[in-house]
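Residue-level listing of the chains:
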Amino acid sequence: MIQIGTVIATTDSPSLELIELILEKENQSLVEKGQYVTITKNEASIVLGIIVSIKKYNAYYETLDSSIHEINSRNYEAIFPIEEWESTKVEVKPLGEVEVNSNKVSRIKFPVSPGSKVYISSPSIISTFLGLDPDGIYLGNLSSNNVKVSINLSRLLRKHLAILAISGAGKSYATSILLEELYKYGKLGVLVIDPHGEYSSIIPFIAPKANVEVIKGSFISIGVPDLSAWEISEFSPDISVVQTRVLSTIISNLKRDCNNLYSLQEIIQKVDTSEVINPRTKDALIGWLEILRRTFLFSAKTSPNISELMEPGKIVILDLSGIQSLWNRQIIALYFLKRLYKLRMQEKIPPSLFVIEEAHQFCPQNGRSVSKRIVETIAREGRKFYASLCLISQRPVNMSVTALSQCNSNLILRIRNPYDQDFIGKTSEGIDRSTLKMIPSLEIGEALLVGEAVNHPIFFKIRLRTFNSEDTSLNLGEISEQYEKEWKFKWKKE
Amino acid sequence: MFIQLTPQDISGLTIGGIDGGYTSRLLIGFDIFFFRAIAVFSTYTPETIQKTNYYPNKTPPLEITVADVGLSILEFENLGSIKRAIIELQVATQVLELSTKKIDVLLLDGSPILRRPITNNQRIQNFYQTYLSNLSKLVYLASKNRVKMAWIVKDSRLNLFTRFLGKILPFIIEFLPELLTVDYRSIINRSRDMDLFYYLLEPNVRSMVYQRDFKVTKEFDSKFSLYAFYLKTVPFDIPLRVEMFQSNRRNHKNLINDINTLSETILPLSQYNKTYGIPAPIVEADARAKIKEAEIKALFRMIQTRFPKPEFMLKRRERSPWKF
């Protein structure tokens, strides 16, 4: 192990919360924020800590005046041996104690001594300490220390995962890595609700065609005969209980008369021609049903067949990019999630992961959303039935607290908004103030994993995808140029 | 009377600074001194410092001396300052003897003039003799090695020039009518040289040189004399008092040349701030030689753990359990 410094005695250090050390000059280049270090406590045990702050000090620059050298032609640095006075103080947050012989990890009950030597931690100690699983899914590498971040699948997903980051910080990339690993694992069924159609172009590279099914939103239809009156009222929450009861009677009659082949148009006609329904109820119900009909999501048959959709190792993508209306997207999400969750409860589909992109649209904290209840239900109860959620969002503050707080593991990429940071701090278990402070400074592709999946929060770099996917997205200039060319061509033609 | 100077290009030169520090503690059984002296020497390039070396090292250990029992406070302080001066001279001599690199200029903190202690204490007298012999050894060595050596007095309290003015002004006052409007006598009586030269000198200007009266040994005094002058380095700081030994064999022109060259070397090293202008090697040596309170505390903790006897305890006034 490489020695990097010595623990010093200050008013706050060494304590159970903070260890301060002075870096050795020759090994300064090996040290960085977020790095794991080992401090010798005694012959039997070591303390593992993470570097949370690095401060440089130089007495020659202690006052503002000292940098004024306008009288002399020589620079300040050309007169004084300034470099000789530079010292580097590092603050380390102690994470826990490891018994050298047994590798047993425990919390620190007594601080290390001033004068203790500090080393860069070895990968094996870090893996043991953080609870990494060499056979787990490989998401990336620790930002320092050269350790593979392989996470136990069950610990990562069983109690749900949230991926949170600002736009462009690498959420979709991180998700594609997760999907790549899940495909390799091959035993889970995966459904991706993809409002922007980002994954439909990536996923076919991850897995062979047979294991991927991309379903375009425009090809999705919800078979009305598969729906009860209560389910229809879930799509349109303004339908009252009385109206739902009336609807239920109409549907029973249609099932009997039409041999299970009818759509919303038939229901509307039946309501309209019924003489037993109160005219006011009739008008209102027809109005709600007409609004539902105009979504063009409903027909006499469900497509695709949901009961045959999920298979072990298969990735299904609902590409909703062609659907403009948020309500329509929510209806689709509700229908698929509800059906699949029920099938999973009946063990008719394999253990499943439901990946929801832009989760704040489907499960918002405020405002109406028809899909909110099913997402919250899976978040609360899915663990028991091996149905897991992966909620992805760029605005965690707008997401349902119920759903987010049930995500016991959080993969956080760069987040700048202070409200979002604050919200993450409140909803994520195991994230303390010093860790929270590091989130805005994360680089693109750098992530923080906290919660159930690991013993301690870890900062790591998301690994590269194993397949080559060229970035086909154009910049603003390129897209404007392309549009202009096409527009000129059309104009000439006309 | 005043000489305009031009700061010299110091690139290629190796310039050293020497300083020492001391502090004392009164114990129940005896009193002790802690000393430290260091030499810092840097080689300059046109743009930066090529290398800085420290002697004996960057953080020299503390040297501890036990004072005699029964010394008066004045004797105790005499002993401390003489011993510190001896250690500084020893470090300077060792640097000149051991350095493999040619040292061009050596600057020492303070004045070489140490007044003979008025005491019958033989140990203090012996220390004083040691100081004089070390001083003469160093000056000989510097002369032999062609090292320009000077002592830099940061805060001079001398009033040689003001006394001189006081003597001659009555004879020339009739030619200076503006002085008749003020009570110049009381101003001169209350002023030190430094006060006057702050106003009289401009940056990059030195005062006239005057010879100082200081006896080392007969043989030494026949060969060397001590000269002093004031040098203003920056606009808003008091001038430096610079003292240097020069061979009596040198003629006046060479002597003045040497003084001017040394001054022009000191100037670029001192002009880094408009309000503070002492040479950088002295700043660095002073910072390194400083004995920190924390060091003394740590040392005392160690002494008291190893020798848990009352004689090693600090006096009560220094170990009160309360921090009022």
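## Regarding the overall build of chain B
Here is step 1 of the chain: Of regular secondary structure, chain B possesses 10 helices and 11 strands.
Here is step 2 of the chain: Over its C-alpha atoms chain B spans a radius of gyration of 22 Å, differing by no more than 12% from the 20 Å that the globule rule assigns to 324 residues.
Here is step 3 of the chain: A buried classification covers 50% of the 324 residues belonging to chain B.
Here is step 4 of the chain: Of all intrachain contacts in chain B linking residues separated by at least 6 positions in sequence, the fraction that spans at least 24 positions is 72%.
Here is step 5 of the chain: Roughly 16900 Å² of accessible area belongs to chain B as shown, and the carbon and sulfur atoms make up 54% of that amount.
Here is step 6 of the chain: Between the averaged position of the 45 positive side-chain charges in chain B and that of its 32 negative side-chain charges there is a distance of 5 Å.

## Structural notes on the layout of surface pockets
Here is step 1 of the chain: Taken as a whole, the largest pocket encloses approximately 1000 Å³ of empty space.
Here is step 2 of the chain: Lining the largest pocket are 24 residues, with I22 and S87 of chain A together with T59, R288 and K292 of chain B positioned closest to its centre.
Here is step 3 of the chain: Breaking the lining of the largest pocket down by element, the ones donating at least two residues are β2 (19-23), β4 (45-57) and β5 (87-99) of chain A together with α9 (280-289) and α10 (293-306) of chain B.
Here is step 4 of the chain: For the lining of the largest pocket, a count of residues per class yields seven nonpolar, four polar and 13 charged.

## Remarks on the side chain of S150 of chain A
Here is step 1 of the chain: Locating S150 of chain A in the fold gives a position in strand β9 (residues 148-151).
Here is step 2 of the chain: Those residues in contact with S150 of chain A that lie beyond four places of it in its chain are L132, D133, P134, G136, I137 and Y138 of chain A.

## Structural notes on the pattern of salt bridges
Here is step 1 of the chain: For the coordinates displayed, the defined rule picks out 32 salt bridges over all chains.
Here is step 2 of the chain: A salt bridge links E243 of chain B to R241 of chain B; the nearest nitrogen and oxygen atoms lie 2.9 Å apart. Across this residue pair, the class does not change: E243 of chain B and R241 of chain B are buried.
Here is step 3 of the chain: Each of the salt bridges in this network shares a partner with another, and the network as a whole consists of E180, E181, K184 and R463 of chain A.

## Things to note about the packing of helix α1 (residues 73-98) of chain B against helix α2 (residues 122-144) of chain B
Residues and elements named next belong to chain B.
Here is step 1 of the chain: Two elements in contact, α1 and α2, have axes whose closest approach is 9 Å; the angle formed by their N-to-C orientations is 25°. Judged by the angle between their axes, α1 and α2 are roughly parallel. Considering how the two elements wind past one another, α1 and α2 form a crossing that is left-handed.
Here is step 2 of the chain: Looking at the contact of α1 with α2 residue by residue, the class counts come to 15 nonpolar, five polar and five charged.

## Thoughts on the nonpolar core
Residues and elements named next belong to chain A.
Here is step 1 of the chain: Judged by nonpolar contacts, the single largest core of 77 residues is most densely connected at I232, I267 and F298.
Here is step 2 of the chain: Those residues in contact with I232 that sit more than four places away from it in its chain are V224, L227, I239, L247, I251, I267, L289 and L292.
Here is step 3 of the chain: Counting residues in hydrophobic clusters, the runner-up holds 54 residues, among them I46, I137, L353 and I458.

## Points about the sheet that holds strand β16 (residues 352-356) of chain A
All names here are of chain A.
Here is step 1 of the chain: Strand order in the open sheet made by the 11 strands is β9-β8-β20-β19-β18-β10-β17-β16-β11-β15-β12, with mixed pairing throughout. Each edge of the open sheet carries a strand with a single partner, namely β9 and β12 (212-216). Neighbouring strand axes in the sheet, compared pairwise and without regard to direction, differ in orientation by 25° on average.
Here is step 2 of the chain: When β16 meets strand β17 (residues 387-393), the two strands line up parallel, connected through five bridges. Residue pairing for β17: I356 is matched across the bridge by L391.
Here is step 3 of the chain: Of the strands in this sheet, β16 and β17 touch helix α11 (residues 372-381), which is tilted by about 125° from β17.

## Structural notes on the interface of chain A and chain B
Here is step 1 of the chain: In this complex, chain A contributes 17 residues to the contact, which on the side of chain B involves 24 residues.
Here is step 2 of the chain: Summed over both sides, the interface of chain A with chain B buries roughly 1700 Å², with 54% coming from carbon and sulfur.
Here is step 3 of the chain: Along the contact surface separating chain A from chain B lie one salt bridge.
Here is step 4 of the chain: Its salt-bridge partner being E84 of chain A, residue K58 of chain B comes within 2.7 Å of it at the nearest N-O pair.
Here is step 5 of the chain: Across the chain A-chain B interface, the total number found is four residue pairs in polar contact (both at pLDDT 80 or more).
Here is step 6 of the chain: Partitioned by chemical class, the residues of the side of chain A that touches chain B number nine nonpolar, three polar and five charged.

## Thoughts on the side chain of E357 of chain A
All names here are of chain A.
Here is step 1 of the chain: With respect to the element layout, E357 can be found in the loop between β16 and α10 (359-362).
Here is step 2 of the chain: Of the side chains with opposite charge, K171 lies nearest to the buried E357, which makes no salt bridge, at 5.7 Å.
Here is step 3 of the chain: In this structure, E357 is in contact with S172, I193, D194, P195, E198, Y199, F362 and I392, ignoring residues within four places of it in sequence.

## So, unusual backbone geometry
All names here are of chain A.
Here is step 1 of the chain: The step from S13 to P14 runs through a cis peptide bond, and the omega angle for that step is -5°.
Here is step 2 of the chain: By the secondary structure assignment, P14 is in the loop between β1 (3-7) and β2.
Here is step 3 of the chain: Following S303, the chain continues into P304 via a peptide bond in cis, with omega recorded as 0°.
Here is step 4 of the chain: Relative to the helices and strands, P304 is located in the loop between β14 (298-299) and β15 (315-319).
Here is step 5 of the chain: Residues other than glycine seldom take positive phi values, yet N103 does so here, at roughly 60°.

## Thoughts on empty space enclosed by the protein
All names here are of chain A.
Here is step 1 of the chain: Tallying each qualifying case throughout the model produces three cavities of 30 Å³ or more.
Here is step 2 of the chain: For the largest cavity, the calculated volume is near 90 Å³.
Here is step 3 of the chain: For the largest cavity, the full set of lining residues is I50, V52, K93, L95, S434, T435, M438, H456, P457 and F459.
Here is step 4 of the chain: Those elements giving two or more residues to the lining of the largest cavity turn out to be β4, β5 and α14 (433-438).
Here is step 5 of the chain: Here the lining of the largest cavity takes three residues from α14, the largest share from any one element.
Here is step 6 of the chain: Along the lines of polarity and charge, the residues of the lining of the largest cavity split into six nonpolar, three polar and one charged.
Here is step 7 of the chain: For the second largest cavity, the calculated volume is near 60 Å³.
Here is step 8 of the chain: What lines the second largest cavity is simply L139, L156, L161, I163, A174, I177, L178, L411, L449 and I462.
Here is step 9 of the chain: Where the lining of the second largest cavity is concerned, the elements lending two or more residues are β10 (161-164) and α3 (171-185).
Here is step 10 of the chain: The element contributing the most residues to the lining of the second largest cavity is α3, with three residues.
Here is step 11 of the chain: Of the residues belonging to the lining of the second largest cavity, the class tally is 10 nonpolar, no polar and no charged.

## Examining the packing of helix α7 (residues 264-273) of chain A against helix α8 (residues 279-293) of chain A
Residues and elements named next belong to chain A.
Here is step 1 of the chain: Direction vectors running N to C along α7 and α8 enclose 170°, while the axes themselves pass 10 Å from each other. When the axes of α7 and α8 are compared, the pair comes out roughly antiparallel. In this structure, α7 uses L264, Q265, I267, I268, V271 and D272 to contact α8, whose residues at the interface are K282, L285, I286, L289, E290, L292 and R293.
Here is step 2 of the chain: Grouping the constituent residues of the contact of α7 with α8 by class yields eight nonpolar, one polar and four charged.

## Concerning the packing of aromatic side chains
Here is step 1 of the chain: In the structure shown here, the tally under the stated rule is 27 aromatic pairs over all chains.
Here is step 2 of the chain: Relative to W85 of chain A, the ring of Y60 of chain A has its centre 6.1 Å away and its plane inclined at 85°; by these criteria the two rings are edge-to-face. Here the residue Y60 of chain A occupies a position in the loop between β4 and β5, and W85 of chain A occupies one in the loop between β4 and β5, the gap between them amounting to 25 residues.
Here is step 3 of the chain: Judged by relative accessible area, which is 9%, Y60 of chain A ranks as buried.
Here is step 4 of the chain: In textbook terms, an aromatic cluster arises when at least three aromatic residues are bridged by ring pairs, as seen for Y60, Y61, Y76, F80 and W85 of chain A together with Y272 of chain B.
Here is step 5 of the chain: The residue whose ring lies beneath R206 of chain B is F229 of chain B, and the NZ or CZ to ring-centre distance is 5.9 Å.
Here is step 6 of the chain: For R288 of chain B, the ring lying beneath its charged end belongs to W85 of chain A, and the centroid distance is 4.2 Å.

Conventions used here
- Residues numbered from 1 in each chain as written.
- Chains lettered and ligands numbered in written order.
- Predicted model: local features only at pLDDT ≥ 70, side-chain atom pairs only at ≥ 80, totals over all residues.
- Heavy atoms only, no water.
- Helix = DSSP H or I, 4+ residues; strand = E, 2+ residues; numbered from the N terminus.
- Rg over C-alpha atoms; globule rule 2.2 N^0.38 Å.
- Buried < 20%, exposed > 50% of the residue type's maximum accessible area, 1.4 Å probe, protein only.
- Contact = heavy atoms within 4.5 Å.
- Areas by Shrake-Rupley, 256 points an atom, 1.4 Å probe, with all protein chains shown as cover.
- Lys, Arg positive; Asp, Glu negative; His and termini not counted.
- Charge placed at Lys NZ, Arg CZ, Asp CG, Glu CD.
- 1 Å grid on protein atoms, 1.4 Å probe; cavity = no way out; pocket = protein on both sides within 12 Å on 5 of 7 lines; lining within 4 Å.
- Points joined across faces, edges and corners; volume = space filled by probe spheres on them.
- Nonpolar A, V, L, I, M, F, W, Y, C, P; charged D, E, K, R; others polar.
- Salt bridge = Lys/Arg side-chain N within 4 Å of Asp/Glu carboxyl O.
- Axes fitted to C-alpha atoms, helices over the stretch in contact; angles between N-to-C directions.
- Parallel < 35°, antiparallel > 145°, perpendicular 65-115°, else oblique.
- Left-handed = near helix turned anticlockwise from the far one by under 90°.
- Core = buried A, V, L, I, M, F, W, Y, C linked by side-chain atoms within 4.5 Å.
- Pairing = 2+ DSSP bridges.
- Buried area = accessible area lost by both parts, 1.4 Å probe.
- Polar contact = N/O pair within 3.5 Å; in protein donor to acceptor, adjacent residues only side chain to side chain.
- Phe/Tyr/Trp six-rings, centres within 6.5 Å; stacked < 30°, edge-to-face > 60°.
- Lys NZ or Arg CZ within 6 Å of the ring centre and 35° of its normal.

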